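Reading the structure
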Amino acid sequence: MNKTKDTSSDSKFIQMTTAPVEKLIIKLAVPTIISMLVTTFYNLADTLFVRQLENDSMVAAVGVVLPLMSIIQAFGFFCGHGSGNYISRAFGRKDYNDAKIMASTGFFYAVVFGLVITVGGLLFTDQLTFILGAKTEATSIATKEYMKWILIACPFMTGAIVINNQLRMQGNAFFAMVGLTTGAILNCILDPIFIFKSGDTIFNGSVTIPFGVGLGVEGAALATAISQVCSFILLFIGMYKSDAIKINLRSISLRYFSGIVQGGLPSLARQGLASVSTACLNHSVGLFISDEIMIDAVQAAMTGVSKITLFLSSALIGFGQGFQPVCGFNYGAKLYDRVIKSYFFCIKVACVALVIFSALGFIFSDAITLAIAGSTELSSAIASFTFKAQLIVFPLQAWSMLCNMMLQNIGMTFRATVVAMSRQGLAFIPIIFLLPLIIKLMGFDPLLGIETAQAVSDVVAFIISLPIGIGVINEMRRESVKQRSGTES
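By convention here, each chain's residues receive numbers from 1 onward along its written sequence. Only residues with pLDDT of 70 or above have their local features reported here, since the model is predicted, and side-chain atom pairs are shown and tallied only from 80 upward, although totals for entire chains, interfaces and linings are computed over all residues. Computation of side-chain values: all heavy atoms of the structure, hydrogens and water removed.

**Overview of the overall build of the chain**
Using the following cut-off: In this text, helices come from DSSP runs of H or I with a minimum length of four residues, and strands from runs of E with a minimum of two, each type numbered from the N-terminal end. The globule rule used for comparison is 2.2 Å times the number of residues to the exponent 0.38, while the radius of gyration itself is calculated over C-alpha atoms. Pairs of residues are marked as contacts when any of their non-hydrogen atoms sit within 4.5 Å. Using the Shrake-Rupley algorithm and a 1.4 Å probe, accessible areas are obtained, with residue cover drawn only from the displayed protein chains. Positive: Lys, Arg. Negative: Asp, Glu. His and the chain ends are not part of the count. By convention, charge coordinates are those of NZ in Lys, CZ in Arg, CG in Asp, or CD in Glu.
If you tally the helices and strands in the chain, you get 17 helices and 2 strands. Taken against the 2.2 N^0.38 rule, which gives 23 Å for 489 residues, the C-alpha radius of gyration of the chain at 22 Å falls within 12% of a compact globule. Counting only C-alpha atoms and orienting by the principal axes, one finds that the chain spans roughly 75 × 50 × 40 Å. Taking as baseline every contact in the chain between residues at least 6 positions apart, the subset at least 24 positions apart corresponds to 83%. In the structure as shown, the chain presents an accessible area of about 19100 Å², 69% of it carried by carbon and sulfur atoms. For the chain, the distance from the average position of its 33 positive side-chain charges to the average position of its 27 negative side-chain charges is 15 Å.

Rendered as structure tokens:
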């Protein structure tokens with residue numbers, strides 16, 4: 001790495017390890033919060049526009065494909081968080097050549113994983129549709145139409161996730177924001193053009209589509225695919241415009257895969273289990289509900305609620321992403337007091353914000369779910385109750401999510417993986433089958449168990465993550481005391 005790059009990196013190191021952590025986090029979090037909100041909004045927009053087709057099977061298909069999207073994101077975050085966390089700690093050690101090799105290696109693995117998913121998914125579409133949980137013929141047909149374009153765009157999606165995370169972890173959140181938000185805005189523009197025909201009316205007849213292709217649910221997937229490719233291109237340009245490490249194929253070292261595993265395994269576990277849990281939800285609906293109209297209504301409702309709650313939690317994720325580079329740099333520099341201080345600052349801010357979000361969401365739950373979750377009164381009613389149940393425990397995510405980010409960022413892979421697995425794996429997967437069964441044996445409608453399974457899982461995840469996070473913080477406090485004692489002696 002040349003002298004100019006070394007000087008730039010040294011300047012960033014000084015800023016990250018000496019500036020007040022509160023100001024650093026807010027500065028880095030603002031663009032990442034915007035990025036996450038805009039990104040999740042265009043995921044929400046897919047469901048919003050598909051809902052205007054007034055077909056629960058098509059809305060359900062978007063939900064059936066959610067596990068596939070989670071798997072794609074799982075491998076993208078595995079390589080992105082794994083390489084990004086490694087890079088931030090390497091910067092903390094001032095080992096810039098090490099960071100350069102990891103940047104290229106993480107990107108290479110992400111694209112390879114994306115290509116494998118594309119080829120495998122296109123070859124085994126029918127089998128994949130069944131595994132993902134499509135339960136009716138209409139939903140299966142819509143799922144295949146939607147899934148095709150998502151699979152084709154997969155390598156661009158995994159590659160974009162890696163570049164985005166590497167930019168963030170090097171303190172270049174602005175360029176990451178530009179790449180993601182531009183793609184998201186493009187998706188929102190393309191959705192109505194590809195989904196509807198010219199002259200179609202949406203939003204209860206208040207909007208008339210002036211021109212459109214009329215591809216239905218397939219059009220939503222095509223819009224997503226095009227926007228993901230554009231995001232990838234813009235993020236790549238942003239990487240070369242910024243002072244971040246550049247991707248160089250000659251710098252790839254397959255030996256660095258263990259470093260990706262160390263920092264990225266929790267993300268792979270979390271997102272991978274999110275995929276499995278959503279598929280389990282779809283299969284649970286088919287197991288406890290027999291009527292096809294009801295199955296489509298429940299799956300459509302759960303699709304809408306999952307998109308809404310993801311949008312709300314995206315602000316927390318973005319805020320946590322502002323914390324991560326501060327955490328990584330200072331942990332790598334062994335400034336443990338700054339890590340602890342920044343963590344508890346984030347917890348306080350996040351708790352207040354989530355309580356406000358929960359209160360507002362509860363007040364306007366009927367209007368929110370009616371706009372997103374399904375196209376019938378039945379699906380909207382199911383969505384409203386489910387949404388309210390999740391909002392009651394929503395603030396608990398502040399601890400469990402930020403705890404996972406901290407553990408992952410400082411390289412405590414096993415404990416980070418346990419926390420990452422707790423919400424969607426250790427808790428949700430057994431609960432989504434056991435809770436409806438228990439409620440059915442008690443003589444009540446098993447749908448109640450399906451509606452409340454995620455809320456119960458959030459409580460269990462908090463109980464698991466709380467002692468783990470406190471234990472790690474106490475370890476850092478002891479190390480800090482040892483450092484001060486050594487300095488004094």
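**Here's the deal with the packing of aromatic side chains**
Applied cut-off: The pairing test for Phe, Tyr and Trp rings, Trp by its six-membered ring, is centres within 6.5 Å, and the orientation test on the planes gives stacked under 30 degrees, edge-to-face over 60, and tilted for anything in between. Whether a charge lies above a ring is judged from NZ of Lys or CZ of Arg, which has to be within 6 Å of the ring centre and within 35 degrees of the ring normal.
Tallying each qualifying case throughout the model produces 21 aromatic pairs. Residues phenylalanine 107 and phenylalanine 232 carry aromatic rings whose centres are separated by 6.2 Å and whose planes lie at 20° to one another, so their mutual orientation is stacked. Separated by 125 residues along the polypeptide, phenylalanine 107 in helix α4 (residues 96-123) and phenylalanine 232 in helix α9 (residues 217-241) bring together distant segments of the chain. Taken together through their ring pairs, the aromatic side chains of Phe75, Phe78, Phe108, Tyr109, Phe113 and Phe257 make up a single cluster. Above the ring of phenylalanine 362, the side-chain terminus of lysine 388 is found at 5.7 Å from the ring centroid.

**Observations regarding helix α13 (residues 365-372)**
The periodicity of an α-helix, 3.6 residues per turn, causes residues three or four places apart in sequence to face the same way. Worth spelling out the cut-off: To sort residues, take the accessible area from a 1.4 Å probe on protein chains only and compare it with the maximum for the residue type: under 20% means buried, over 50% means exposed, and anything in between is partly exposed. Our arc is simply the arc of the directions from the helix axis toward the C-beta atoms.
Along α13, the positions that sit buried rather than exposed are Ser365, Thr369 and Ile372. For α13, the angular spread of buried residues about the axis comes to 70°, placing them on one side.

**Details of the pattern of salt bridges**
The cut-off we apply is this: A pair is scored as a salt bridge if a Lys or Arg side-chain nitrogen falls within 4 Å of a carboxyl oxygen belonging to Asp or Glu.
For the structure shown, the criterion picks out 7 salt bridges. Between glutamate 479 and lysine 482 there is a salt bridge whose closest N-O contact spans 3.8 Å. Within this pair, glutamate 479 and its partner lysine 482 are both found in helix α17 (residues 447-488), separated by 3 residues, close to a single helical turn. Using a relative accessible area of 35% as the deciding quantity, one classes glutamate 479 as partly exposed.

**Some words on the confidence of the model for the chain**
Using the following cut-off: Values of pLDDT, which run from 0 to 100, indicate the predictor's confidence residue by residue.
Across the chain, the average pLDDT comes to 88, with 97% of residues at or above 70. Below pLDDT 50 for its whole length, residues 1-5 participates in 8 contacts with residues either more than four positions away or in separate chains.

**So, the environment of phenylalanine 13**
Checked against the element boundaries, phenylalanine 13 lands in helix α1 (residues 3-18). A relative accessible area of 14% places phenylalanine 13 in the buried class. Taking C-alpha positions, phenylalanine 13 is 9.1 Å from arginine 93, a pair spaced 80 residues apart along the chain. In this view, phenylalanine 13 contacts Phe91, Gly92, Lys94, Phe329 and Ala333; residues no more than four positions away in its chain are not counted.

**Thoughts on the side chain of serine 313**
Its location among the elements puts serine 313 in helix α11 (residues 292-332). Beyond its immediate sequence surroundings of up to four residues, serine 313 is in contact with Phe394 and Gln397.

**Digging into the nonpolar core**
Operational definition: To form a nonpolar core, buried Ala, Val, Leu, Ile, Met, Phe, Trp, Tyr and Cys residues must be joined to one another through side-chain atoms within 4.5 Å.
Core analysis: the largest hydrophobic core is formed by 99 residues, its most contacted members being Val298, Tyr343, Met406, Leu407 and Ile450. Sort the elements by how many residues they give to this core and α11 lands first, with 16 residues. For isoleucine 450, the residues in contact, after removing those within four places along its chain, are Leu281, Ser284, Val285, Ile289, Val298, Met302, Ile432 and Pro436. Ranked by size, the runner-up nonpolar core spans 32 residues in total, among them Phe49, Ile117, Phe196 and Ile209.

**Considering unusual backbone geometry**
When glycine is set aside, most residues are seen to have a negative phi, and most peptide bonds are trans. Backbone geometry at glutamate 54 places phi at a positive 55°, although glycine is not the residue there. Look at glutamate 54 and you get exposed, because its relative accessible area is 60%. You will see that lysine 334, though not glycine, has its phi angle at about 65°, which is positive. Relative to the helices and strands, lysine 334 resides in the loop between α11 and α12 (336-363).

**Notes on the environment of isoleucine 247**
Its location among the elements puts isoleucine 247 in the loop between α9 and α10 (257-288). A residue is classified by how much of its surface remains accessible, and isoleucine 247, at 9% relative accessible area, is buried. Sequence separation of isoleucine 247 and isoleucine 470 is 223 residues, and the distance between their C-alpha atoms is 37 Å. Beyond its immediate sequence surroundings of up to four residues, isoleucine 247 is in contact with Ala103, Ser104, Phe107, Gln166, Met239 and Tyr240.

**Some remarks on the environment of glycine 332**
Mapped onto the elements, glycine 332 comes out in helix α11. Spatially, the C-alpha atoms of glycine 332 and isoleucine 209 are 54 Å apart, while their sequence positions differ by 123 residues. Sequence-distant contacts of glycine 332, that is, excluding residues within four places in its chain, are made with Arg89, Gly92 and Arg93.

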